[in-house]
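Working through the structure, step by step
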Amino acid sequence: MDEIVRMATDRNVMIMALAAVAATCTIITLGMPLLQNDQLNRRMKAVALERDKIRARERERMARANTVSLRREPKAYMKRVVEQFDLAKHLSADDAKEKLVMAGYRGQGPMVVFLFFRLVTPIVLAIATAIYMFFLLPSEQPLAIKIGAIIFGAYVGIKAPQLYLKNKITKRQLSIRRAFPDALDLLLICIEAGMSVEASFRKVSQEIGEQSVELAEELILTSAEMSYLQDRRQAYENLGVRTGLDGVKAVVGALIQAERYGTPISQTLRVLAQENRDMRMNEAEKKAAALPPKLTVPMIVFFLPVLFVVILGPAIMQVMEVR
């Protein structure tokens, strides 16, 4: 023990121990950066790989969606019924084809399906209403009320296909409207980078598919039409007709003007992109401003009774105990 204490208190031994500790710390300090993994680069590579996977998956889903929507054939019996009763002449509305295109249904097949359901749906609903009113309804109702219910069911059947089509158009336009400002920014970047209009549309359709499959479909159709149509103006006008949105029609007008007079479209696209972005923000602010009035009735019906019970419940119980 005395020997250990003597060595521990020896000045030379303490100097050697401190030198060894200093050398060890120096080696560790110099070697740690070499042994440590680059966390930032590893995470960036992981994010890039995940982004590529998501992009490939979305493109595959967009390709499947485009295949289904662009190549849809009606059933044989539907086509036979439409041809036998000549429904295209009697039930076809003037703007039915345009609305079908705006809803994403192209070709003659969706038109046949639409006409078939315009004929069948009123008949089915009228028969179902008649069975319910005459056989399933337990209470006796006057004959006039039963006939009126049957007529109302047939009227609902007439309007049901149109309401379904209108709902599809609204959802499709909403998706296009939300993604269109970003698509304009991408289109502006591509054009300023020196790409042609066809290549720009094709590139933007590939990139915007992750955000809106509907807009990517319209852009790639426009790119295809510009490739085989003699006049690009027709392809631009078809894009405006298929979407039915004022923002898209404004961009179409700018592209047509640039095509006709040879004017640069970079500044025009920049201004239109900002306008569409402001319109998107205004729509979000409008929905946010409309939220308090919509919450008034649920708050009155569900929250206020609970508040009254919680606040006044103990007082009522005390009054009842006193009595």
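Preceding block: the structure.
How each quantity is defined
- Residues numbered from 1 in each chain as written.
- Predicted model: local features only at pLDDT ≥ 70, side-chain atom pairs only at ≥ 80, totals over all residues.
- Heavy atoms only, no water.
- Helix = DSSP H or I, 4+ residues; strand = E, 2+ residues; numbered from the N terminus.
- Buried < 20%, exposed > 50% of the residue type's maximum accessible area, 1.4 Å probe, protein only.
- Contact = heavy atoms within 4.5 Å.
- Areas by Shrake-Rupley, 256 points an atom, 1.4 Å probe, with all protein chains shown as cover.
- Salt bridge = Lys/Arg side-chain N within 4 Å of Asp/Glu carboxyl O.
- Polar contact = N/O pair within 3.5 Å; in protein donor to acceptor, adjacent residues only side chain to side chain.
- Expected span 1.5 Å × (residues − 1).
- Arc of directions from axis to C-beta.
- Core = buried A, V, L, I, M, F, W, Y, C linked by side-chain atoms within 4.5 Å.
- Phe/Tyr/Trp six-rings, centres within 6.5 Å; stacked < 30°, edge-to-face > 60°.
- Axes fitted to C-alpha atoms, helices over the stretch in contact; angles between N-to-C directions.
- Parallel < 35°, antiparallel > 145°, perpendicular 65-115°, else oblique.
- Left-handed = near helix turned anticlockwise from the far one by under 90°.
- Nonpolar A, V, L, I, M, F, W, Y, C, P; charged D, E, K, R; others polar.

A tally of regular secondary structure across the protein chain gives 14 helices and 0 strands. Secondary structure of the protein chain in N-to-C order comes out as α-α-α-α-α-α-α-α-α-α-α-α-α-α. Taking all 323 residues of the protein chain together, the buried fraction comes to 28%. Considering only intrachain contacts with a sequence separation of at least 6, the fraction spanning at least 24 residues in the protein chain is 67%. When the accessible area of the protein chain is evaluated, it comes to approximately 22,300 Å², of which 64% is carbon and sulfur surface.

One pass over the full model with this rule turns up 13 salt bridges. One salt bridge in this structure joins Arg106 and Glu217, with 2.3 Å as the shortest N-O distance. Residue Arg106 is located in the loop between helix 6 (96-102) and helix 7 (108-136), and its partner Glu217 is located in helix 10 (residues 213-228); the two are separated by 111 residues in the primary sequence. With respect to class, Arg106 is no different from Glu217; both count as buried.

Here the focus is the side chain of Glu218. Relative to the assigned elements, Glu218 resides in helix 10. Since its relative accessible area comes to 0%, Glu218 is described here as buried. Within the local environment of Glu218, its side chain forms a polar contact with the side chain of Arg106, the two groups lying 2.6 Å apart. Leave out the neighbours within four places in its chain, and Glu218 touches Arg106, Arg172, Ile176, Leu239, Arg242 and Thr243.

This part covers helix 10. A rise of 1.5 Å per residue sets the reference length of helix 10, with its 16 residues, at 22 Å; its end C-alpha atoms lie 23 Å apart and thus fit the reference within 8%. Here helix 10 has its buried residues at Val213, Leu215, Ala216, Glu217, Glu218, Leu219, Leu221, Thr222, Ser223, Glu225 and Met226.

A word on helix 11 (residues 232-243). A rise of 1.5 Å per residue sets the reference length of helix 11, with its 12 residues, at 16 Å; its end C-alpha atoms lie 17 Å apart and thus fit the reference within 8%. Regarding helix 11, the residues found buried are Ala235, Tyr236, Leu239, Gly240, Arg242 and Thr243. The buried residues of helix 11 occupy one face: seen down the axis, they fall within an arc of 170 degrees. Residues of helix 11 that are buried make contact with helix 6, helix 8 (143-192), helix 9 (197-208), helix 10 and helix 12 (246-261). Note on helix 11: the residue one or two positions beyond its end, Gly244, has a positive phi of about 70 degrees.

Residues Phe201, Leu215, Tyr236 and Leu269 are the most contacted members of the largest nonpolar core, which totals 32 residues. Contributions of two or more residues to this core are made by helix 8, helix 9, helix 10, helix 11, helix 12 and helix 13 (266-289). Tallying contributions element by element places helix 8 first for this core, with 9 residues. Here Tyr236 is in contact with Val197, Phe201, Met226, Val252, Leu255, Ile256 and Glu259, once residues within four sequence places are set aside. Met78, Met102, Val112 and Ile169 belong to the second-largest nonpolar core, a separate cluster that totals 15 residues.

Moving on, we get to the packing of aromatic side chains. Tallied over the full model, the rule gives 2 aromatic pairs. Arranged with centres 5.6 Å apart and planes meeting at 85 degrees, the rings of Phe116 and Phe117 form a pair that is edge-to-face.

What follows covers the packing of helix 9 against helix 11. Put simply, helix 9 and helix 11 touch, their axes get as near as 13 Å, and they point 25 degrees apart. By the angle between their directions, the pair helix 9 and helix 11 is classed as roughly parallel. For helix 9 against helix 11, the interelement crossing comes out left-handed. Contacts from Val197, Glu198 and Phe201 of helix 9 reach helix 11 at Arg232, Tyr236 and Leu239. When its residues are assigned to classes, the contact of helix 9 with helix 11 shows 4 nonpolar, no polar and 2 charged.

At a minimum axis separation of 9 Å, helix 11 and helix 12 run at an interaxial angle of 175 degrees. As far as their axial angle goes, helix 12 and helix 11 are roughly antiparallel. Taking contact as the criterion, the partners of Arg232, Arg233, Tyr236, Glu237, Leu239, Gly240 and Thr243 in helix 11 are, on helix 12, Val248, Lys249, Val252, Leu255, Ile256, Glu259 and Arg260. Considered class by class, the residues forming the contact of helix 11 with helix 12 number 6 nonpolar, 2 polar and 6 charged.

With that out of the way, let us pick up the environment of Leu184. Note on placement: Leu184 falls in helix 8. On the accessibility criterion, Leu184 (2% relative accessible area) is buried. Sequence-wise, Leu184 and Leu269 are 85 residues apart; in three dimensions their C-alpha atoms are separated by 6.7 Å. Apart from the residues lying within four places of it in its own chain, the contact partners of Leu184 are Val251, Leu269, Leu272, Ala273 and Asn276.

Moving on: the environment of Leu143. In this fold, Leu143 is placed in helix 8. Classification of Leu143 by relative accessible area gives exposed; the value is 54%. Separated by 10 residues in sequence, Leu143 and Met133 have C-alpha atoms that sit 9.6 Å apart.

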